[in-house]
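Overview (structure and organization)
One-letter residues, chain by chain:
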Amino acid sequence: MSSASTPRYGVFALSTVPPWHSHNVAVNKALEQIKHADELGFEDAWVAEHNGRKFGITASAQLLLAAAAAATTRIRVGSAVSRLPMHHPLRLAEDYAYIDQLSSGRLNFGIGKGYDPVEFQAYNIDLSEREERYNEVLEIVMQAWRTGKVNFQGKYYQVPGAGETIDEVELFPEVFQKPIPPTYVMVSSSEESLRSAARQGFAFVLGGATREQAKSLVEVYREEARAAGHSFDAIDENLARSSQFKATHVADTAEQARREFREGYMWFVGEKKNRAKVGLSIEDLTFEQYVERKMLILGSPDDVAEEVASFHSYTGLGGLVLWFDGGGSQPQEQVLQSMTTFAEKVRPQL
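This text gives an overview of the structure that appears in the document.

Conventions used here
Residues numbered from 1 in each chain as written. Predicted model: local features only at pLDDT ≥ 70, side-chain atom pairs only at ≥ 80, totals over all residues. Heavy atoms only, no water. Phe/Tyr/Trp six-rings, centres within 6.5 Å; stacked < 30°, edge-to-face > 60°. Helix = DSSP H or I, 4+ residues; strand = E, 2+ residues; numbered from the N terminus. Buried < 20%, exposed > 50% of the residue type's maximum accessible area, 1.4 Å probe, protein only. Lys NZ or Arg CZ within 6 Å of the ring centre and 35° of its normal. Patch = residues over 30% accessible without salt bridge, like charges linked within 9 Å, V, L, I, M, F, W, Y side chains within 5 Å. Areas by Shrake-Rupley, 256 points an atom, 1.4 Å probe, with all protein chains shown as cover. Salt bridge = Lys/Arg side-chain N within 4 Å of Asp/Glu carboxyl O. Lys, Arg positive; Asp, Glu negative; His and termini not counted. Charge placed at Lys NZ, Arg CZ, Asp CG, Glu CD. Polar contact = N/O pair within 3.5 Å; in protein donor to acceptor, adjacent residues only side chain to side chain. Contact = heavy atoms within 4.5 Å. Core = buried A, V, L, I, M, F, W, Y, C linked by side-chain atoms within 4.5 Å. Axes fitted to C-alpha atoms, helices over the stretch in contact; angles between N-to-C directions. Parallel < 35°, antiparallel > 145°, perpendicular 65-115°, else oblique. Nonpolar A, V, L, I, M, F, W, Y, C, P; charged D, E, K, R; others polar. Expected span 1.5 Å × (residues − 1).

This part is about the packing of aromatic side chains. Enumeration over the complete set of coordinates arrives at 16 aromatic pairs. Where F42 meets F324, the ring centres are 5.9 Å apart and the plane angle is 75°; that geometry is what we call edge-to-face. Taken together, the positions of F42 in the loop between α1 (23-40) and β2 (44-47) and F324 in the loop between β14 (319-323) and α12 (332-346) put the pair 282 residues apart, joining distant regions of the chain. Of the two residues, F42 and F324, both sit in the buried class. Members of the aromatic cluster, joined through ring pairs, are F12, F55, F245, F261, Y265, F268, Y290 and W323. A cation over a ring is seen here: K113 above Y134, with NZ or CZ 5.4 Å from the ring centre.

There is a patch of like negative charges on the surface, built from E255, D302, D303 and E306. It is helix α11 (residues 301-315) that provides the largest number of residues to the negative patch, a total of three residues. For D302, the location among the structural elements is in helix α11.

As a further point, take the side chain of E49. With respect to the helices and strands, the residue E49 is situated in the loop between β2 and α2 (61-71). You can call E49 buried: its relative accessible area is 2%. A polar contact of 2.9 Å, which involves the side chain of E49, links it to the side chain of R83. The contacts of E49, once residues within four sequence positions are left out, are T58, A59, S60, A61, Q62, A80, V81, S82, R83 and H87.

Ranked by internal contacts, the top residues of the largest apolar core, which has 75 residues, are F42, Y96, F109, W145, F204, Y221 and F342. With eight residues, the single largest contributor to this core is helix α5 (residues 130-147). Ignoring sequence-local partners within four residues, the contact set of F42 consists of Y9, G10, V11, A37, R74, I75, L322, F324, M339, F342, A343 and R347.

Under the criterion given, the structure shown has 19 salt bridges. For R195, the salt bridge identified is with E191, shortest N-O distance 3.1 Å. Within this pair, R195 and its partner E191 are both found in helix α6 (residues 191-200), separated by four residues, close to a single helical turn. Three or more residues joined by partner-sharing salt bridges are found here, namely E191, R195, R199 and E224.

Further remarks concern the packing of helix α7 (residues 211-227) against α11. In the contact formed by α7 and α11, the axes pass within 9 Å of each other and the chain directions differ by 40°. If you check the angle between α7 and α11, you find them oblique. Note on element contacts: α11 touches α7 through E307, S310, F311, Y314 and T315, opposite R211, E212, A214, K215 and V218. Grouping the amino acids of the contact of α7 with α11 by side-chain chemistry returns four nonpolar, two polar and four charged.

Bringing the packing of α11 against α12 into the picture now. One way to put it is that α11 packs onto α12 with a least axis distance of 10 Å and a crossing angle of 75°. As summarised for this structure, α11 and α12 are arranged roughly perpendicular, according to the angle between their axes. Where α11 approaches α12, its residues P301, V304, A305 and V308 are matched on the opposing element by T341, F342, K345 and V346. When grouped by side-chain class, the residues that make up the contact of α11 with α12 number six nonpolar, one polar and one charged.

Because an α-helix packs 3.6 residues into every turn, residues spaced three or four apart end up facing the same way. Helix length check: α5 (18 residues) gives 25 Å between terminal C-alpha atoms against 26 Å at 1.5 Å per residue, within 8%. R130, R133, Y134, E136, V137, L138, I140, V141, M142, A144 and W145 are the residues of α5 that are buried. Taken from the residues just after α5, G148 is the one with a positive phi, measuring 80°.

Here it is, written out as structure tokens:
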């Protein structure tokens, strides 16, 4: 990361239903956290999208993002991710354009292909079609935002459909941010999605990559973006906006942070192991191994500040998306206090 870059910090909300939370608690925790993040000065708030599992009960990120946009004044709100193959592309373009207007230009559009066969089967979408559907949906959304209208006849989507009434569809409302809202590709740890993002000139957000993988992927991104003809300045700007998700908890001491975070996070890990994934494996780790491998950021304010500064310096990424509600299953009072401590005691050191 350039020494002139100012680090960006976002928060992440995944609405889960552990045995100790009701559905109502899970739904309302996320919005309260986003409002608190807005008050504390975090730059971005990201929300997940899943269906059919207690792992995540926000089936349409648009719903939560619209509520968040209306309840906040400054923080940018984004999807992490919008699973493009799960949505009709024109409706998706319309919904996110509405959020962009509702927020007066605070939308981050995070995109992905989806990875859970259960989610595809629930919506009766053939998993083998996800790549082609993803590409068609993305092309239609970008066409709608850039031109204000759509005329697309693809394998899976035809906009407009058959008939003699219209030969193109106008987009209402138009996007607030021109030509398009900032678009981010969510990357697990594979080079394929990252290379595609680099060629298209999109920023990215990494999932559970190790530090070494993150550093390597940043270099892959630079090389691919340069080969695609993007300028050094544009690449640096995208890397300054790009981030990685990190489950994070700040407490008075490292021992307290680990003690408070363990149960909720390991419940989530247990649930995640039960999810079938496309081309992704989940390594069976203990809580201590997650900590040792720096896949979590836990500790006192000084500990966390040191770890975060080291992360930026080593990986070259300008942002971090901090998951204070690790597993979506932490006590809300603990989550809000950890966010406050980060804003007031960690960030001033960075």
